[in-house]
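Analysis of the macromolecular model
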Amino acid sequence: MTNLAKVGTFKMGSRTVKRFGYGAMQLAGPGVFGPPRDRDAALAVLREAVKRGVDHIDTSDVYGPHVTNQIIREALHPYPRDLVIATKVGAKRGPQGSWEPAFAAEDIMSAVHDNLRNLGVDALDVVNLRILFNAQGPAEGSIEAPLSALMKLQREGKVRHIGLSNVTAKQVEEGRAMTEIVCVQNLYNLAHRQDDALIDSLAAAGIAYVPFFPLGGFSPLQSSTLSDVARRLGATPMQVALAWLLRRSPNILLIPGTSSVEHLRENLAAADLDLPDDAMKAL
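The paragraphs below set out a description of the structure included in this document. As the structure is a prediction and not an experimental result, all values here were calculated from the model.

Calculation rules
Residues numbered from 1 in each chain as written. Predicted model: local features only at pLDDT ≥ 70, side-chain atom pairs only at ≥ 80, totals over all residues. Heavy atoms only, no water. Helix = DSSP H or I, 4+ residues; strand = E, 2+ residues; numbered from the N terminus. Rg over C-alpha atoms; globule rule 2.2 N^0.38 Å. Buried < 20%, exposed > 50% of the residue type's maximum accessible area, 1.4 Å probe, protein only. Pairing = 2+ DSSP bridges.

**Comments concerning the overall build of the protein chain**
Scanning the protein chain from N- to C-terminus turns up 10 helices and 11 strands. Over its C-alpha trace the protein chain gives a radius of gyration of 18 Å, about what one expects of a compact globule, namely 19 Å for 283 residues. Its C-alpha atoms give the protein chain principal-axis dimensions of about 55 × 40 × 35 Å. Taken across its 283 residues, the protein chain has 54% of its residues classed as buried.

**Quick word on the pairing of strand β1 (residues 9–12)**
Of the two faces of β1, the one lined by F10 and M12 is fully buried and the one lined by T9 and K11 carries no buried residue. Across 4 bridges, β1 lies against strand β2 (residues 15–18) in antiparallel orientation. The residue bridging T9 from the neighbouring strand is K18, located in β2. In this antiparallel pair of consecutive strands, β1 and β2, the connection spans 2 residues, and G13 shows a positive phi of 65°.

**Quick word on the pairing of strand β11 (residues 208–212)**
Residues in a regular strand point their side chains to alternate faces of the sheet. Across the 5 residues that make up β11, a large majority, 4, are buried. Sheet analysis places strand β10 (residues 181–187) next to β11, joined by 5 bridges and oriented parallel. Within β11, the residue paired with V184 across the bridge is Y209.

Limitation: the analysis is restricted to geometry and does not speak to function.
Structure representation (structure tokens):
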């Protein structure tokens, strides 16, 4: 069985987690909307992840909405003491499943309370403020108002740690000037490296970086190179892409998602993959 401790740990505020976690987004229905096709399979994936040593689960009450957190509660509550559940606020779902910004103070408060209720906890370990100024990716704009609303909930004891998601380096600076930011969750992978400088600056500050969409948006040439490396190492392209992220920086925490136990095991096996220097150079 894969030993996740092999890839080390990193801190998120007062909590320490293994660098290989699990993202629960795919446990909801198609388009992250509605119930899953197979609820028992979703429960099995979560239980298998924890059984295999995962102690960091990423979620949000907008997944479903509500569905994913309810499944997490059914599968794992009462939660293991070492399990850190990180969630997100700042978005809501439209009637047909659209993703819409929800930055007002009442939206932030409602989202936090939804997460508390559906996860069945008195306080949330980590809450990432998801910024949606632009649906295409990070866009400049002050985050003071929604972050202030989240900080108020932290002072009330409902939120333990605060992170940021889909943000620019300038917004990270703004957030850090207001409060402790324990993690940043942005799009980053082999093909999308716009956050290289941000990752390095966060590492120097002891702040976790949590990349989402770890395999996607590749050109044919990039996919060919990745496949060639994977073939030579006897691994899958996804395993190589995840192993590359782990080696990229010690503050990177992985949260690959899946609704399949078999695929979960395949992902976790990336923790055993040592990329040689020539593979890193090719990638």
